[in-house]
Number of protein chains: 2
Amino acid sequence: MVGSTGLSSSSSSHHHHHSHHHSYTPSSRILTDVPCKVCHDNSSGKHYGIFACDGCAGFFKRSIRRNRQYVCKNKGQGGCQVDKTHRNQCRACRLKKCVEAGMNRDGKSIPPFFQSH
Amino acid sequence: MVGSTGLSSSSSSHHHHHSHHHSYTPSSRILTDVPCKVCHDNSSGKHYGIFACDGCAGFFKRSIRRNRQYVCKNKGQGGCQVDKTHRNQCRACRLKKCVEAGMNRDGKSIPPFFQSH
DNA sequence: TCAGGTCCAACGTTCACCGTG
DNA sequence: GCACGGTGAACGTTGGACCTG
Ligand SMILES: [Zn+2]
Ligand SMILES: [Zn+2]
Ligand SMILES: [Zn+2]
Ligand SMILES: [Zn+2]
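For the structure given in this document, a descriptive report is provided here. (Residues numbered from 1 in each chain as written. Chains lettered and ligands numbered in written order. Predicted model: local features only at pLDDT ≥ 70, side-chain atom pairs only at ≥ 80, totals over all residues. Heavy atoms only, no water.)

Each helix and strand in chain A was counted, giving 2 helices and 2 strands. Secondary structure of chain A in N-to-C order comes out as β-β-α-α. Relative to its 117 residues, chain A shows a buried fraction of 30%. Look at the contacts in chain A between residues 6 or more apart in sequence, and 40% of them connect residues 24 or more apart. A total accessible area of about 8,500 Å² is found for chain A, and carbon and sulfur atoms account for 52% of it. (Helix = DSSP H or I, 4+ residues; strand = E, 2+ residues; numbered from the N terminus. Buried < 20%, exposed > 50% of the residue type's maximum accessible area, 1.4 Å probe, protein only. Contact = heavy atoms within 4.5 Å. Areas by Shrake-Rupley, 256 points an atom, 1.4 Å probe, with all protein chains shown as cover.)

If you want it as structure tokens, here you go:
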């Protein structure tokens, strides 16, 4: 990891309610105001339909390209934690969460109406 | 961190303006122009923050993962030679040299200003 | 600009081989 | 000879940099 050092100390922020502006790190590229929907690391915009970090975007891309079939490390039962520090521990649960979060190969966003929470 | 297979089946040109090139052995992977900072064997790029050979990289990794505490073979006094042919003679002195050379678990390079020699 | 793609340094895992007891 | 743990070369994976329509 490299760019993650300066977390853009937000400072005085107006609350542009309806604006589509985002906050970026000094190194640009990384959004500080929208986390990855899969692992909650900082995202770098939308990938495959959802806000996601570079790691989850790359992982999802490689998984679907090669038709990966993973087996959960937890005796195949699922339920592994998927966050920034644990996301590489179980590929099955990471991919499952990617799909549940709405990732798809065509990059289509899911309308808010259909989203679960 | 990132990493792809070192296979890179050459052939294709693609020079990729990366400012500093390295010299590799015919078998690829191994740098011939930058030695391991610990044992002076040929390195295979940076590992845990410094240029290191596969052996010292693997040794450091195993040592920190298992919290190894070694005792110097030289009556606990230190000062054992650590080079390609002697690096496996004393684990305590090898690990000490890894740390002094700047190896760390996060793989952060130390700025040149702070480096001793 | 955004969100796809490629590239590849640096990481992790594996396991034949080796030295020791 | 056998069992065991450490070694390090080979190979697969990750994710940030850069490219492209
Ligand atoms: Zn993520
Ligand atoms: Zn799992
Ligand atoms: Zn070395
Ligand atoms: Zn020693």
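Further remarks concern the side chain of A:Ser63. Residues and elements named next belong to chain A. Here Ser63 shows up in helix 1 (residues 54-65). Using a relative accessible area of 2% as the deciding quantity, one classes Ser63 as buried. Reaching out from Ser63, the side chain makes a polar contact with the side chain of Tyr70 at a distance of 2.8 Å. With residues up to four places along the chain from it excluded, the contact list for Ser63 reads Arg68, Tyr70 and Leu95. (Polar contact = N/O pair within 3.5 Å; in protein donor to acceptor, adjacent residues only side chain to side chain.)

Right, let's get into the environment of B:Thr32. Residues and elements named next belong to chain B. Residue placement: Thr32 occurs in the segment before strand 1 (46-47). According to the relative accessible area criterion, Thr32 is partly exposed, its value standing at 42%. Sequence separation between Thr32 and Ser43 is 11 residues, and the spatial gap between their C-alpha atoms is 7.4 Å. Apart from residues lying up to four places away in sequence, Thr32 is in contact with Ser23, Tyr24, Thr25 and Asn42.

Residues and elements named next belong to chain B. Taken together, Cys72 (SG), Cys80 (SG), Cys90 (SG) and Cys93 (SG) make up the protein donors of the zinc ion (ligand 4), found 2.3 to 2.4 Å from the metal. The coordination sphere of the zinc ion (ligand 4) comprises 4 donor atoms, whose angles at the metal cover 102 to 116°; the geometry is tetrahedral. Taking relative accessible area as the criterion, Cys80 reaches 24% and is therefore assigned partly exposed. (Donors = N, O, S within 2.8 Å, 3.2 Å for Na, K, Ca; no water. Tetrahedral: all angles 85-135°; square planar, octahedral: opposite > 155°, others 65-115°.)

This next bit is on the coordination of the zinc ion (ligand 3). Residues and elements named next belong to chain B. Protein coordination of the zinc ion (ligand 3) is provided by Cys36 (SG), Cys39 (SG), Cys53 (SG) and Cys56 (SG), with donor distances spanning 2.3 to 2.4 Å. Around the zinc ion (ligand 3) sit 4 donor atoms; with metal-centred angles ranging over 102 to 116°, the donor geometry is tetrahedral. Going along the chain, you hit the donors of the zinc ion (ligand 3) in the pattern C-x2-C-x13-C-x2-C. Here the two residues Cys36 and Cys39 agree in accessibility, since each one is buried.

On the surface, a cluster of nonpolar side chains totalling about 400 Å² of accessible area is made up of A:Ile110, A:Phe113 and A:Phe114. On the secondary structure map, A:Phe113 appears in the segment after helix 2 (91-100). (Patch = residues over 30% accessible without salt bridge, like charges linked within 9 Å, V, L, I, M, F, W, Y side chains within 5 Å. Salt bridge = Lys/Arg side-chain N within 4 Å of Asp/Glu carboxyl O.)

Here the focus is the packing of aromatic side chains. All names here are of chain A. The final tally for this structure, using the stated rule, is 4 aromatic pairs over all chains. Judged by centre distance (5.7 Å) and plane angle (20°), the rings of Phe59 and Tyr70 are stacked. Of this pair, Phe59 sits in helix 1 while Tyr70 sits in the loop between helix 1 and helix 2, placing them 11 residues apart in sequence. Relative accessible area serves as the criterion here: at 5%, Phe59 is assigned to the buried category. Tyr70 sits in the partly exposed class, given a relative accessible area of 25%. (Phe/Tyr/Trp six-rings, centres within 6.5 Å; stacked < 30°, edge-to-face > 60°.)

Moving on to the pattern of salt bridges. Applying the stated criterion across every chain yields a total of 7 salt bridges over all chains. Among the salt bridges present, the one from A:Asp41 reaches A:Arg87, with a minimum N-O distance of 3.1 Å. One end of the pair, A:Asp41, is in the segment before strand 1 (46-47); the other, A:Arg87, is in the loop between helix 1 and helix 2, and 46 residues separate them in sequence. Residue classification places A:Asp41 among the buried residues on the basis of a relative accessible area of 16%. Taking the shortest distance from any N to any O, the salt bridge between B:Glu100 and B:Lys96 comes out at 2.6 Å. Pair noted here: B:Glu100 and B:Lys96 are both in helix 2 (residues 91-100), with a separation of 4 residues, about one helical turn. One network of salt bridges, in which partners are shared, links A:Asp41, A:Lys84 and A:Arg87.

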